[in-house]
Amino acid sequence: MANAIRALAMDAVEQAKSGHPGLPMGAADIATVLFTKFLKFDPAAPTWANRDRFVLSAGHGSMLIYALLYLTGYEAMTLDQIKRFRQLGSKTPGHPEFGHTPGVETTTGPLGQGLANAVGMAIAERHLAAVFGSIVDHKTYVLASDGDLMEGISHEAIALAGHLKLSKLIVLFDDNGISIDGALSLTDSVDQVKRFEAAGWAAARIDGHDPAAIAAALEKAQASDRPVLIACKTTIGFGAPSKAGKSSAHGSPLGADEIKGAREKLGWSHAPFEIPADILAAWRQAGERCKGAHADWSQRLAALDAGQRAEFTRRMTGDLPTQAFAAAVRAVKDSLAASPKEIATRTACEFALESLIPALPEMIGGSADLTGSNNTRTKSMKAMSAADFSGRFIHYGVREHGMASAMNGMALHGGIIPYSGTFLVFSDYCRPAIRLAALMGERVIHIMTHDSIGLGEDGPTHQPVEHLAALRAIPNLLVFRPCDAVETLECWQLALESRHRPSVLALTRQNLPQLSQNFLESNRCAAGAYEIAAAEGKAQGKADVSIFATGSEVAIAVEAKKLLAAKGVAARVVSVPCFELLAEAEDSARRAVIGDAPIKIGVEAAIRQGWDAIIGSDGLFVGMNSFGASAPFKELYKKFGITADAVVAQALRKLGKS
């Protein structure tokens, strides 16, 4: 059965003239024991809520999971798909892609991400079990490579998992001692067993080609009171006569002669892509192994109280509680209409969460050791811990990358909408995970506070300048920068409603006036941009000057509008809380909000990159073109020329009135 995996991997990589045969051949024995004896899954129901999750963190070895999906009987994974490995439109892309191939739990390839995703999946399982009881009871398994464990994110992930005692998380380390450059000893001498033990894991070494040893280690792991690492000593490219145990087996086709020799050495006399009927039947029987467990689970789900069953189903399908959500949004808007607030948008975020958190029990918050600064924890939120997983707030520690990737895992698991906080400048630490959330289309929400030079005295190391542009460059990511408490709520609403894309909310440290008006009946931020202050005496969209701004600079733009009016210049102000939603709007709507004023000015305490799509290449821009400095924020705005007077001066100069 293991040789069937090896043969399919050799043949598919050879036919594609591209790929990584070494890992599937080396890890085939591990995968065979796991899938035939331990993993709880049902190929006929790839999204069964209580299935065990299997994460191939070493995504380059993708033919391992594709072979397993075909052999165990996943309908979408046909032999034809195996033959079309790495070809356009196939279900067998170079690295596993969530949402593209049924049975693939997460998109992997960037090493370390799958391991950290799995930590999030294990957190989700423990939390939902605390909420719904035994209807949620499954393991999360990971196959990780030495590359996964060398990546820095692995340190963050295993430390968090050990701290939370995630006992249903089991990592199988494909310990083959080989990296692309050659022997692992060229670059690494870490004792991974001791490393994991130091982080609070149970860890052991076994022979990864001994099915009995693999089974015994997995059996022992089932009853562990902490996460488990099983370091499986394997030979990369197992069976290849001259390339086994060498880096040459890692990332290139073996070649016809080497494959011929491997077939002989493995005793596999069958033609390329041919799986003997008895071996395929044994694999398909393994695929049927958990049908009874699935049926029993379905009966237990049906026996739940109707309300609890409906709530579990709602949360796992990702639907929002429509009435409670709408009521929560309305309550915040009514409060802001009755008592306008001049507060920082990070504080406005907390104000919104005080209503949203009780209404949406699936929201799980957190912060990377900046809870008091990010304002992501409401008064009612209990911290999650190893002793009590029912809490809805996670103290991630100073682990931004691990936090972002774990949130991806929670969202992938289902039943949870994860959000967390850090400073916007540290989005660089989160970026690889944010990119993957966008690629996978997962609803993950990042609260990024201290969003400009407005944070003041902490200086240029902490003042984001290029970060908004960098985040806006990621496809399928919504980047929100609200200008006041109302827009903050509306951006939260849009982020929660965006089921298939992640969001970033960039929020201020400094207080901002409440500028929004006429906001009770609609979400004006949904258009991406809207006219927040019209030019006096002009039709909507008409003016001598259009000033476009985001976040804290909208107030500056409004002040500039008043100064221009005093000089006889009609100006309008457009708030642009979300570039992406504006770009996706109908052409007519986008043209209407941009307007036809001869002078267009963008105002943002960040770099210009991305703004020309709104103001044009000949538009004016008031913002940053360098790093910041350490000083009180009002002094910094003056130093860098991000003021109402600067906006006015540029407008008048362009009008020839300076």
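Everything numeric here is computed off the predicted structure, so don't read it as measured data. (Residues numbered from 1 in each chain as written. Predicted model: local features only at pLDDT ≥ 70, side-chain atom pairs only at ≥ 80, totals over all residues. Heavy atoms only, no water.)

Visitor: Requested: an account of helix 3 (residues 62–72), with residues and values cited.
Guide: Extensive coverage of helix 3 is indicated by the burial of 11 of its 11 residues. Among the residues making up helix 3, those that are buried are S62, M63, L64, I65, Y66, A67, L68, L69, Y70, L71 and T72. Those residues of helix 3 that are buried lie in contact with helix 1 (2–16), helix 2 (22–38), strand 1 (53–56), helix 4 (79–83), strand 2 (140–144) and helix 11 (277–287). Just past helix 3, the residue G73 takes up positive phi, approximately 100°. (Buried < 20%, exposed > 50% of the residue type's maximum accessible area, 1.4 Å probe, protein only. Helix = DSSP H or I, 4+ residues; strand = E, 2+ residues; numbered from the N terminus. Contact = heavy atoms within 4.5 Å.)

Visitor: Please give an account of the nonpolar core that cites residues and values.
Guide: Counting residues in each nonpolar core, the largest one holds 75 residues, and the members touching the most others are M363, W492, I547 and I642. If you tally residues by element for this core, the top one is helix 20 (residues 485–497), at 8 residues. Those residues in contact with I642 that lie beyond four places of it in its chain are I453, E553, I556, V603, A605, V622, G623, M624 and Y637. (Core = buried A, V, L, I, M, F, W, Y, C linked by side-chain atoms within 4.5 Å.)

Visitor: For the packing of aromatic side chains, give the residues involved together with the corresponding values.
Guide: Applying the stated criterion across every chain, the model contains 14 aromatic pairs. A centroid spacing of 6.2 Å and a plane angle of 70° characterise the contact between W48 and W297, whose relative ring orientation is edge-to-face. Highlighted residues: W48 in the loop between helix 2 and strand 1 and W297 in helix 12 (residues 291–302), separated in sequence by 249 residues. As far as burial versus exposure is concerned, W48 and W297 are alike and both buried. Relative to Y637, the ring of F633 lies with its centre 6.5 Å away and its plane at 90°, an arrangement referred to as edge-to-face. (Phe/Tyr/Trp six-rings, centres within 6.5 Å; stacked < 30°, edge-to-face > 60°.)

Visitor: Just give me the short version of the state of the cysteines, but keep the residues and values in it.
Guide: Think of a disulfide as a covalent bridge from one cysteine sulfur atom to another cysteine sulfur atom. The final tally for this structure, using the stated rule, is 0 disulfides. In this model C491 remains outside any disulfide bridge; the closest cysteine sulfur is found in C525, 4.2 Å from its own. Judged by its relative accessible area of 0%, C491 falls in the buried class. C525 sits in the buried class, given a relative accessible area of 0%. (Disulfide = S-S within 2.5 Å.)

Visitor: I'd like a description of the pattern of salt bridges, backed by residues and values.
Guide: This structure, assessed with the given rule, holds 28 salt bridges. Where E531 meets R572, a salt bridge forms, and the shortest distance between an N and an O atom there is 2.5 Å. Remark: R572 occurs in strand 18 (residues 571–575) and E531 occurs in strand 16 (residues 530–533); sequence separation between them is 41 residues. Residues E531 and R572 agree in their burial class; the two are buried. Put simply, E311, R314 and E362 are held in one network by salt bridges that share partners. (Salt bridge = Lys/Arg side-chain N within 4 Å of Asp/Glu carboxyl O.)

Visitor: Give a description of the packing of helix 14 (residues 322–338) against helix 15 (residues 345–359) that names residues and reports values.
Guide: Describing two packed helices takes the angle between their axes plus the distance from one axis to the other. Where helix 14 contacts helix 15, the axes come no closer than 9 Å and their chain directions differ by 160°. Viewed along their axes, helix 14 and helix 15 adopt a mutual orientation that is roughly antiparallel. As for how helix 14 packs across helix 15, the hand of that crossing is right-handed. Contact residues: helix 14 offers A324, F325, A328, V329, V332, S335 and L336, while helix 15 offers F351, A352, S355, L356 and A359. Considered class by class, the residues forming the contact of helix 14 with helix 15 number 10 nonpolar, 2 polar and no charged. (Axes fitted to C-alpha atoms, helices over the stretch in contact; angles between N-to-C directions. Parallel < 35°, antiparallel > 145°, perpendicular 65-115°, else oblique. Left-handed = near helix turned anticlockwise from the far one by under 90°. Nonpolar A, V, L, I, M, F, W, Y, C, P; charged D, E, K, R; others polar.)

Note that every value here comes from positions in space, so none of it alone points to a role or purpose.
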